[in-house]
Amino acid sequence: MTMLRSEQTTLLLEQDQRVLSPSEVNLAATLLDQNCRTLLMIAPTSGCGTTTSALSMARQLAHSAKGKLLLVDASPSATGLSSRLGMAADPGLFELLQSPHPEGELRHCIQRHPELPFDLLPLGQPSPAAGRFTAEDLQHLLDCLASRYRFVVVDAEAVYSGTSGLTLAAMADAVVLVVRAEETRLEVAQAAMQRLRQANAKLLGSVFNARRFYMPKWLYRLL
């Protein structure tokens, strides 16, 4: 595994700080008041900053909650969590789903980065020879992870990029929709919310990512 250098990780966290807005802080506080263990972060389309928001949310929860936290990469994106943290070639989610006994494989897949206050589960590498996994396999793995962690935060594939995001959304205790300011169209966001509701997802709220402040932030808080 090729880890990020310390200065690279610091830069990554500084970039995350830009989206650690009141929305993430308020959502984290709401989660602490609920019987929630699995949280799914999902966007209508790719490019909304879901991975950055998932990192920020995981960091906020790790500092606020008692118990361990796991951040799961479930988004097959070339610029996703595993790639950003130098874990693209490591075993992870796919290997656990394809294993007949995932509980025994957790220690080989879950990693800890010295610069981050939570554990990480990379996406892993799909194996055609191992066959396809089922929704039941996915539910079993989520339950297994939730029994070992206070929070499991999942960085999911966008609603309109594939089907895995909606499948996971139906299983998570809470779902947060990530939208990007001045890029995500209202109609697209509304349609994505409708698809999530049709999948019986428990929508907790949304993160308004990359918001531009045309007035000082302190003035917005007074409005």
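As annotated in an unreviewed UniProt entry, the chain carries the name CpsD/CapB family tyrosine-protein kinase and comes from Azotobacter chroococcum.

All told, the structure shown has 2 salt bridges when counted by the stated rule. A salt bridge links R112 to D119, with the nearest nitrogen and oxygen atoms 3.6 Å apart. For D119, a relative accessible area of 11% gives the class buried. As a salt-bridge pair, R185 and E187 come within 3.8 Å of each other at their nearest N and O atoms. The partly exposed category is assigned to E187, whose relative accessible area is 48%.

Here we take up the environment of R59. Structurally, R59 can be placed in helix α3 (residues 50–64). Residue R59 is classed as buried on the basis of its relative accessible area of 12%. Remark: the alpha-carbon pair of R59 and A28, spanning 31 residues in sequence, is separated by 9.9 Å.

Since the α-helix packs 3.6 residues into each turn, any two residues three or four apart lie on the same face. If you check helix α7 (residues 135–146), its first and last C-alpha atoms are 16 Å apart, about what 12 residues at 1.5 Å a residue would give, namely 16 Å. Those residues of α7 lying buried are L138, L141, L142, C144, L145 and A146.

Despite not being glycine, N200 has its phi angle at roughly 65°, a positive value. Of note, N200 is situated in the loop between α9 (186–198) and β7 (203–209).

As a further point, take the packing of aromatic side chains. Counted by the stated rule, this structure contains 0 aromatic pairs. Taking the ring centre of Y149 as reference, the NZ or CZ of K68 above it sits at 4.8 Å. Above the ring of F151, the side-chain terminus of R150 is found at 4.1 Å from the ring centroid.

Extensive coverage of strand β1 (residues 38–42) is indicated by the burial of 5 of its 5 residues. The side-chain alternation of β1 yields two buried faces, one formed by T38, L40 and I42 and the other by L39 and M41. Across 4 bridges, β1 lies against strand β6 (residues 174–180) in parallel orientation. Looking at the pairing, L39 lines up with A174 of β6.

Another aspect to go through is the environment of Q98. Assignment of secondary structure puts Q98 in the loop between α5 (93–97) and α6 (106–109). Taking the relative accessible area as the measure of exposure, Q98 reaches 22% and is therefore partly exposed. In the structure, Q98 is positioned 39 residues away from D137 in sequence and 8.3 Å away in space, judged by C-alpha atoms.

Take the environment of Q139 next. With respect to the helices and strands, Q139 occurs in helix α7. When the C-alpha positions of Q139 and L168 are compared, they lie 8.3 Å apart, and in sequence the two are 29 residues distant.

Here is what the cut-offs are and how they apply
Residues numbered from 1 in each chain as written. Predicted model: local features only at pLDDT ≥ 70, side-chain atom pairs only at ≥ 80, totals over all residues. Heavy atoms only, no water. Salt bridge = Lys/Arg side-chain N within 4 Å of Asp/Glu carboxyl O. Buried < 20%, exposed > 50% of the residue type's maximum accessible area, 1.4 Å probe, protein only. Helix = DSSP H or I, 4+ residues; strand = E, 2+ residues; numbered from the N terminus. Expected span 1.5 Å × (residues − 1). Phe/Tyr/Trp six-rings, centres within 6.5 Å; stacked < 30°, edge-to-face > 60°. Lys NZ or Arg CZ within 6 Å of the ring centre and 35° of its normal. Pairing = 2+ DSSP bridges.

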